Amino acid sequence: MASKLNPYISFAGNAREAMEYYHDLFGGDLALNTYGEAGAPAEAGNADNIMHAMLEGENGFTLMASDVPPGMEHNPGTNISISLSGDDGDLLRRCWEKLSDGGTVAVPLEKQMWGDEFGACTDRFGISWMVNIGQAG
């Protein structure tokens, strides 16, 4: 297996909802494992929370996530942006529409001085995204 780099996002109790949303957006296979399945006692209060989630899309997108355990600090979206880029304009525009829906657009998806279409937004879960559509050819 080749090495790969993919984002891993921490959530504060809504990892399942977020990963199901991203699964709907990107397709592929979603695996969800809870703290309870790993043996966390019910009294810990996080047995149904996600200990590890992995979404592997047919298009090569991989996204991992978890809910932070009780007592751990959670700072959503302050130290990560996820970049989607390529020359499949239709796919990337569909992604942009869904990611920006219900979120906040920092840079509208439009042609930039370097010739590509680019946009930046924060989705409804507080995650920063950058979408860059390169010119084919």
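Numbering of residues begins from 1 in every chain and follows the order in which that chain's sequence is written. Local features are withheld for residues below a pLDDT of 70 in this predicted model, meaning they are given only at 70 or higher, and side-chain atom pairs are given and counted only at 80 or more; totals for whole chains, interfaces and linings count all residues. Side-chain metrics rest on all non-hydrogen atoms present in the structure, leaving aside hydrogens and water.

**Things to note about the environment of Arg124**
Point 1. Checked against the element boundaries, Arg124 lands in the loop between strand 7 (117–122) and strand 8 (128–133).
Point 2. Separated by 33 residues in the primary sequence, Arg124 and Leu91 place their C-alpha atoms 20 Å from one another.
Point 3. The criterion used for residue contact is that any of the two residues' heavy atoms lie within 4.5 Å. Look past the residues within four positions of Arg124 in its chain and what remains in contact with it is Glu17, Tyr21, Gly102 and Gly103. Numbering goes from the N terminus for both helices and strands, where a helix is a DSSP run of H or I of at least four residues and a strand is a run of E of at least two.

**Focus: helix 2 (residues 89–100)**
Point 1. An ideal rise of 1.5 Å per residue puts 16 Å on twelve residues; helix 2 measures up with 16 Å between its terminal C-alpha atoms.
Point 2. Close packing links the buried residues of helix 2 with helix 1 (15–26), strand 5 (81–86), strand 6 (104–111), strand 7 and strand 8. Between the first and last residue of a helix there are one fewer steps than residues, each counted as 1.5 Å, and that sum is the expected span.

**As for the nonpolar core**
Point 1. Ranked by size, the top nonpolar core spans 28 residues in total, and within it Phe11, Tyr22, Phe26, Leu84, Leu99, Ile127 and Trp129 carry the most contacts.
Point 2. Breaking this core down by element, the ones donating at least two residues are strand 1 (8–11), helix 1, strand 3 (50–56), strand 4 (62–67), strand 5, helix 2 and strand 8.
Point 3. No other element matches the seven residues that helix 1 contributes to this core.
Point 4. Ignoring any residue separated from it by four or fewer positions in sequence, one finds Phe26 in contact with Leu55, Glu58, Asn59, Phe61, Leu84, Cys95 and Trp129. We call a set of buried Ala, Val, Leu, Ile, Met, Phe, Trp, Tyr and Cys residues a nonpolar core when their side-chain atoms join them within 4.5 Å. The buried label applies to any residue whose accessible area, calculated with a 1.4 Å probe on protein chains only, is under 20% of its type's maximum; exposed applies above 50%, and partly exposed to all values in between.

**Details of helix 1**
Point 1. A rise of 1.5 Å per residue sets the reference length of helix 1, with its twelve residues, at 16 Å; its end C-alpha atoms lie 16 Å apart and thus fit the reference within 8%.
Point 2. By the burial criterion, the buried members of helix 1 are Ala15, Ala18, Met19, Tyr21, Tyr22, Leu25 and Phe26. The arc enclosing the buried residues of helix 1, seen along the axis, measures out at 155 degrees, which places them on a common side.
Point 3. Of the residues flanking the end of helix 1, it is Gly27, one or two places downstream, whose phi is positive at about 75 degrees. Within this analysis, the arc is defined by the directions that extend from the helix axis to the C-beta atoms.

**Focus on the sheet that holds strand 6**
Point 1. Whether two strands pair comes down to DSSP finding at least two bridges between them. The four strands are arranged 5-8-7-6 in an open sheet whose pairing can be described as mixed. Two strands in the sheet have a free side with no partner beyond their single neighbour: strand 5 and strand 6. Geometrically, the sheet is characterised by an average inter-axis angle of 10 degrees between neighbouring strands, direction not taken into account.
Point 2. The pairing of strand 5 with strand 8 spans six bridges and is parallel. Considered in strand 8, the bridge of Gly86 is made with Ile133.
Point 3. To get an axis, fit a line to the C-alpha atoms, keeping to the stretch in contact for a helix; angles then go from 0 to 180 degrees between the N-to-C directions. Strands strand 5, strand 6, strand 7 and strand 8 of the sheet are contacted by helix 2, whose axis makes an angle of about 155 degrees with strand 8.

**Re the sheet that holds strand 4**
Within a beta sheet, neighbouring strands are joined by backbone hydrogen bonds and run either parallel or antiparallel to one another.
Point 1. Strand order in this open sheet of four strands is 1-4-3-2, and the pairing throughout is mixed. Edge positions in the open sheet fall to strand 1 and strand 2 (29–34), since each of these has one partner strand only. Along the sheet, successive strands turn relative to each other by an average axial angle of 15 degrees, direction set aside.
Point 2. By the bridge criterion, four bridges tie strand 1 to strand 4 in an arrangement that is parallel.

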